[in-house]
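# Summary of structural features
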Amino acid sequence: MEGIASEMYNLLNETKIAFTVPIFGGIPIPESVVVTWGIMAVVVLFCAIFVRGFDVMPGRLQTAIEMFVGWIYDFFTGILGEKGKRYIPYLGTVLIYIGCANIVGLFGLTPPTKDLNVTAGLAIMSIVLVEAAGIRAKGARGWLKSFKSPMPVMLPFNILELVIKPLSLCMRLFGNVLGAFVIMELIKAVVPLIVPLPFSFYFDIFDGLLQAYVFVFLTALYISEAMDTE
Amino acid sequence: MLNLNWNIIWIFVNIIILFLLLRIFLYKPVMKILDKRAASIKKSLDDAEDAKKDAAELKAKYASELKNAGARADAIIKEATDNAKVQREKIIDKAKNDADNIIKSAEKQVELDREQAMKEMRSEIADIALRAAHKAMEQGDVSETSISSFLRQVGESDD
């Protein structure tokens, strides 16, 4: 057990560097970034190849892609309403990215979401988008005023929310992926054959997609709340 | 893995790039096709609606035209009948006139003939009387009875 514990501790503390760009005295590229590039390349190539041939009369794959995009639009329109339509492509992008990032473990790669920098970065972008949506919807004054709603006593809590919201987003995603990773490592250490398989399906596919869903769902909810002009 | 450091910038850059790329390669084309399909469906429905309206209009037009045609046919028949009536009356009048003329000219002819006949008869009678008188003078008997018997003889003879 001692061995596993120290191995895990080492794993948690190191930032895996995939390679170093030999300019400016060497820029280290973390593994998560490389995997992210891979995901980006696959997703964009997939879209570029299959969406290009789209026709008014859809084929089977086109129907599937249309249903997926249509579902994204319907889902976020349901939360954000018509005026929040502009934020849908970004939320859809994050959904696709986190979904892919979480199931990339199936192909033997390290999920980028297991890197705290990635989940923190996503959470920071989310909170920036949320506040930007608030400013856009209410104007700068209205946005500032919204901090003392429903009553001025709430001011410190509302300011704290600026930190709490992204922190919870970040930690929920990171914790789930990390927890899954730790549990999978432990199971593999105990029974290396067959038994990890169903667990892998649960943690890599179900939990991975669920966390992607939860992340964008909450972001959309925060945006809708920020845009809410009472 | 647990270290929060400057590598956080990577995810900002990557997500923004992915967002821009997906907007070009996924959302815009897909939404375009969905909009296009919705537009084409709407157009088809509108066209069908228009066609239906046109058909209804045409039908109403034909129905009214049919009604007009009936009325016009009636008018034509009436006119024709009226014309025929006028024509008939004209013809009958003319026939009457002609008949009258014929009758008048026939009467005239008859009158003329009769006058002619009378003239001839008169000269014939005078002739007969002359011959009877001549015969009586030949016999020497100029009594009234003999003259009348001679007259009868001459009158009954052919010449």
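Throughout what follows, the structure given in this document is the object of discussion. All figures in this text were calculated on a predicted structure; none of them were measured in a lab.

## Details of the packing of helix 6 (residues 155-190) of chain A against helix 7 (residues 196-227) of chain A
Residue and element names in this part refer to chain A. For the pair helix 6 and helix 7, the least separation of the axes is 10 Å and the interaxial angle reads 180°. Judged by the angle between their axes, helix 6 and helix 7 are roughly antiparallel. Along its contact with helix 6, which presents Lys-165, Ser-168, Leu-169, Arg-172, Leu-173, Asn-176, Ala-180, Ile-183, Met-184, Ile-187 and Lys-188, the element helix 7 presents Pro-196, Phe-199, Ser-200, Phe-203, Asp-207, Gln-211, Val-214, Phe-215, Leu-218, Thr-219, Tyr-222 and Glu-225. Each residue belonging to the contact of helix 6 with helix 7 can be placed in one class, and the counts come to 13 nonpolar, five polar and five charged.

## Considering the interface of chain A and chain B
With 47 residues of chain A at the contact, the number on the chain B side is 30 residues. For the pair chain A and chain B, the interface holds one salt bridge. Here A:Glu66 and B:Arg37 are joined by a salt bridge, their closest N and O atoms 2.9 Å apart. In this assembly, chain A and chain B are joined by four residue pairs in polar contact (both at pLDDT 80 or more). Here the side of chain A that touches chain B takes ten residues from helix 2 (residues 31-52) of chain A, the largest share from any one element. Taken together, the residues of the side of chain A that touches chain B sort by class into 33 nonpolar, eight polar and six charged.

## Here's the deal with the pattern of salt bridges
Residues and elements named next belong to chain A. Per the counting criterion, the structure on display carries nine salt bridges over all chains. Between Glu-82 and Lys-85 there is a salt bridge whose closest N-O contact spans 3.5 Å. Exposure remark for Lys-85: the relative accessible area of 33% places this residue in the partly exposed category. The partner of Lys-165 in a salt bridge is Glu-225, and the shortest N-O contact between them spans 3.6 Å. Of this pair, Lys-165 sits in helix 6 while Glu-225 sits in helix 7, and the two are 60 residues apart along the sequence.

## With respect to the packing of helix 2 of chain A against helix 4 (residues 88-103) of chain A
Residues and elements named next belong to chain A. Contact geometry of helix 2 with helix 4 gives a least axis separation of 10 Å together with a crossing angle of 120°. By the criterion of interaxial angle, the relationship of helix 2 to helix 4 is oblique. For the pair helix 2 and helix 4, the crossing hand works out as right-handed. Of the residues in helix 4, those in contact with Thr-36, Ile-39 and Val-43 of helix 2 are Ile-96, Tyr-97, Cys-100 and Ala-101. Class assignment for the residues of the contact of helix 2 with helix 4 results in six nonpolar, one polar and no charged.

## Let's talk about a nonpolar patch on the surface
Residue and element names in this part refer to chain A. Taken together, the side chains of Phe-68, Trp-71, Tyr-202, Phe-206, Leu-210 and Tyr-213 present a nonpolar region at the surface, about 560 Å² in accessible area. Going through the elements one at a time, helix 3 (60-80) and helix 7 are the ones with two or more residues in the nonpolar patch. It is helix 7 that contributes the most residues to the nonpolar patch, four residues altogether. Note on placement: Phe-68 falls in helix 3.

## Remarks on the environment of A:Thr113
Residues and elements named next belong to chain A. Its location among the elements puts Thr-113 in the loop between helix 4 and helix 5 (116-145). The exposure class of Thr-113 is buried, given its relative accessible area of 0%. C-alpha separation for the pair Thr-113 and Glu-82, spaced 31 residues apart in sequence, amounts to 31 Å. Dropping the residues within four chain positions of it, Thr-113 is found in contact with Ile-98, Ala-101, Asn-102, Val-118, Thr-119, Leu-173, Phe-174 and Val-177. Of the polar contacts made by the side chain of Thr-113, one reaches the side chain of Asn-102; its length is 2.6 Å.

## Thoughts on helix 1 (residues 8-139) of chain B
All names here are of chain B. Over its 132 residues, helix 1 runs 187 Å from end to end, which matches the ideal 196 Å to within 8%, given 1.5 Å per residue. Remark: the principal bend of helix 1, roughly 50°, maps to Arg-23. Phi turns positive, to about 80°, at Gly-140, one or two residues after helix 1.

## Thoughts on unusual backbone geometry
All names here are of chain A. The phi dihedral of Ile-194 is positive, around 60°, even though this residue is not glycine. Summarising the element assignment, Ile-194 is placed in the loop between helix 6 and helix 7. On the accessibility criterion, Ile-194 (70% relative accessible area) is exposed.

## Some details on the nonpolar core
Counting residues in each nonpolar core, the largest one holds 63 residues, and the members touching the most others are A:Phe76, A:Leu80, A:Tyr97, A:Leu122, A:Ile223 and B:Leu26. Where this core is concerned, the elements lending two or more residues are helix 2, helix 3, helix 4, helix 5, helix 6 and helix 7 of chain A together with helix 1 of chain B. Apart from residues lying up to four places away in sequence, A:Leu80 is in contact with A:Tyr87, A:Ile88, A:Leu91, A:Ala220, A:Ile223, A:Ser224 and A:Met227.

## Some thoughts on the packing of aromatic side chains
On inspection of all chains with the given rule, the structure shows 13 aromatic pairs over all chains. When the centroid spacing of 6.0 Å and the interplanar angle of 70° are considered together, the rings of A:Tyr90 and B:Phe19 count as edge-to-face. Here A:Tyr90 is found in helix 4, whereas its partner B:Phe19 is found in helix 1 on a different chain. The pair A:Tyr90 / B:Phe19 is uniform in exposure class, with both members buried. A ring pair is formed by A:Tyr202 and A:Phe206, whose centres lie 5.4 Å apart and whose planes are at 35°; its orientation type is tilted. In this pair, A:Tyr202 and A:Phe206 both sit in helix 7, four residues apart, roughly one turn of the helix. The class for A:Tyr202 is partly exposed, based on a relative accessible area of 40%. An aromatic cluster of three or more residues is present, and its members are A:Phe68, A:Trp71, A:Phe75, A:Phe76, A:Tyr213 and A:Phe217. For the cation-ring pair, A:Lys114 lies above A:Phe181, with the distance from its terminal atom to the ring centre recorded as 3.4 Å.

Thresholds, definitions, all that
Residues numbered from 1 in each chain as written. Chains lettered and ligands numbered in written order. Predicted model: local features only at pLDDT ≥ 70, side-chain atom pairs only at ≥ 80, totals over all residues. Heavy atoms only, no water. Axes fitted to C-alpha atoms, helices over the stretch in contact; angles between N-to-C directions. Helix = DSSP H or I, 4+ residues; strand = E, 2+ residues; numbered from the N terminus. Parallel < 35°, antiparallel > 145°, perpendicular 65-115°, else oblique. Contact = heavy atoms within 4.5 Å. Nonpolar A, V, L, I, M, F, W, Y, C, P; charged D, E, K, R; others polar. Salt bridge = Lys/Arg side-chain N within 4 Å of Asp/Glu carboxyl O. Polar contact = N/O pair within 3.5 Å; in protein donor to acceptor, adjacent residues only side chain to side chain. Buried < 20%, exposed > 50% of the residue type's maximum accessible area, 1.4 Å probe, protein only. Left-handed = near helix turned anticlockwise from the far one by under 90°. Patch = residues over 30% accessible without salt bridge, like charges linked within 9 Å, V, L, I, M, F, W, Y side chains within 5 Å. Areas by Shrake-Rupley, 256 points an atom, 1.4 Å probe, with all protein chains shown as cover. Expected span 1.5 Å × (residues − 1). Bend = angle between axes of the 7 residues up to and from the residue. Core = buried A, V, L, I, M, F, W, Y, C linked by side-chain atoms within 4.5 Å. Phe/Tyr/Trp six-rings, centres within 6.5 Å; stacked < 30°, edge-to-face > 60°. Lys NZ or Arg CZ within 6 Å of the ring centre and 35° of its normal.

Keep in mind that these numbers describe shape and distance, not what the molecule does.
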